[in-house]
Amino acid sequence: MNAHLHLRPDQVYPFDARGIAKRFRHAAIFGALDALNAGERMRFVNDHDPLPLLDQLRARYGEAVAIQYLQRDPGQIVIDFVRN
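Residues numbered from 1 in each chain as written. Predicted model: local features only at pLDDT ≥ 70, side-chain atom pairs only at ≥ 80, totals over all residues. Heavy atoms only, no water.

## Structural notes on the sheet that holds strand 2 (residues 41-46)
Cut-off, in case you're wondering: Paired strands are those between which DSSP finds at least two bridges. Each helix is a run of H or I in the DSSP string that is no shorter than four residues. Each strand is a run of E no shorter than two, and both are numbered from the N terminus. Note on definitions: angles span 0 to 180 degrees between N-to-C directions of axes, and those axes are lines fitted to C-alpha atoms, for helices only across the stretch in contact. Contact between two residues is taken to exist if any of their heavy atoms lie within 4.5 Å; hydrogens are not considered.
In space, the 4 strands of this open sheet follow the order 1-2-4-3, with mixed pairing throughout. If you trace the sheet from one side to the other, it starts and ends with strand 1 (12-16) and strand 3 (65-73), each paired once. Put simply, the sheet's adjacent strands are angled 20° from each other on average, direction ignored. Inspection of the sheet shows strand 2 paired to strand 4 (residues 76-83) by 6 bridges, in the antiparallel sense. Bridging across to strand 4, Val-45 finds its partner in Val-78. Where helix 1 (residues 22-35) meets the sheet, its contacts fall on strand 1, strand 2, strand 3 and strand 4, and the angle it forms with strand 2 comes to roughly 160°.

## Considering the packing of helix 1 against helix 2 (residues 51-61)
Packed helices, taken two at a time, are described by their axes: the angle between them and the distance between them. Note the following rule: Comment on the angle field: the value is read as roughly parallel under 35 degrees, roughly antiparallel over 145, roughly perpendicular from 65 to 115, and oblique elsewhere. Note on convention: the crossing is left-handed when the near helix lies turned anticlockwise from the far helix by less than a right angle, right-handed when the turn is clockwise. Gly falls in the polar group here, along with every residue not listed as nonpolar (Ala, Val, Leu, Ile, Met, Phe, Trp, Tyr, Cys, Pro) or charged (Asp, Glu, Lys, Arg).
In the contact formed by helix 1 and helix 2, the axes pass within 12 Å of each other and the chain directions differ by 40°. The angle between helix 1 and helix 2 falls in the class oblique. As helix 1 packs across helix 2, the resulting crossing turns out to be right-handed. Contacts from His-26, Ile-29, Phe-30, Leu-33 and Asp-34 in helix 1 reach Leu-53, Gln-56, Leu-57, Arg-60 and Tyr-61 in helix 2. Along the lines of polarity and charge, the residues of the contact of helix 1 with helix 2 split into 6 nonpolar, 2 polar and 2 charged.

## Description of the packing of aromatic side chains
Basically, it comes down to this: Each Phe, Tyr or Trp ring, with Trp reduced to its six-membered ring, pairs with another whose centre is within 6.5 Å; inter-plane angles below 30 degrees give stacked pairs, above 60 give edge-to-face pairs, and intermediate values give tilted ones. Counting as a charge over the ring demands two things of the Lys NZ or Arg CZ atom: a distance within 6 Å of the ring centre and an angle within 35 degrees of the ring normal.
Taken as a whole and assessed by the stated rule, the structure comprises 3 aromatic pairs. Counting every residue linked through ring pairs, the aromatic cluster contains Phe-15, Phe-44 and Phe-81. Against the face of Phe-30 rests Arg-60, its NZ or CZ located 4.5 Å from the ring centre.

Okay, structure coming up:
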């Protein structure tokens, strides 16, 4: 069993949403963000810009999670979510 030890506050955790069934996707993302400690980031990859999800994240986390686009090309979206 691999435990999430949070050994490095600057750790980047990949999250590829393309491999998760749509009906589970938002719950999985919220769970992953809830597991992050301050300074950690989740690198989110998707095939479309998740604007409704971003609105939900802002409403749920406010300033506790920063949203940083790394790539915003059609078919290839990469966003870092950073826990503050």
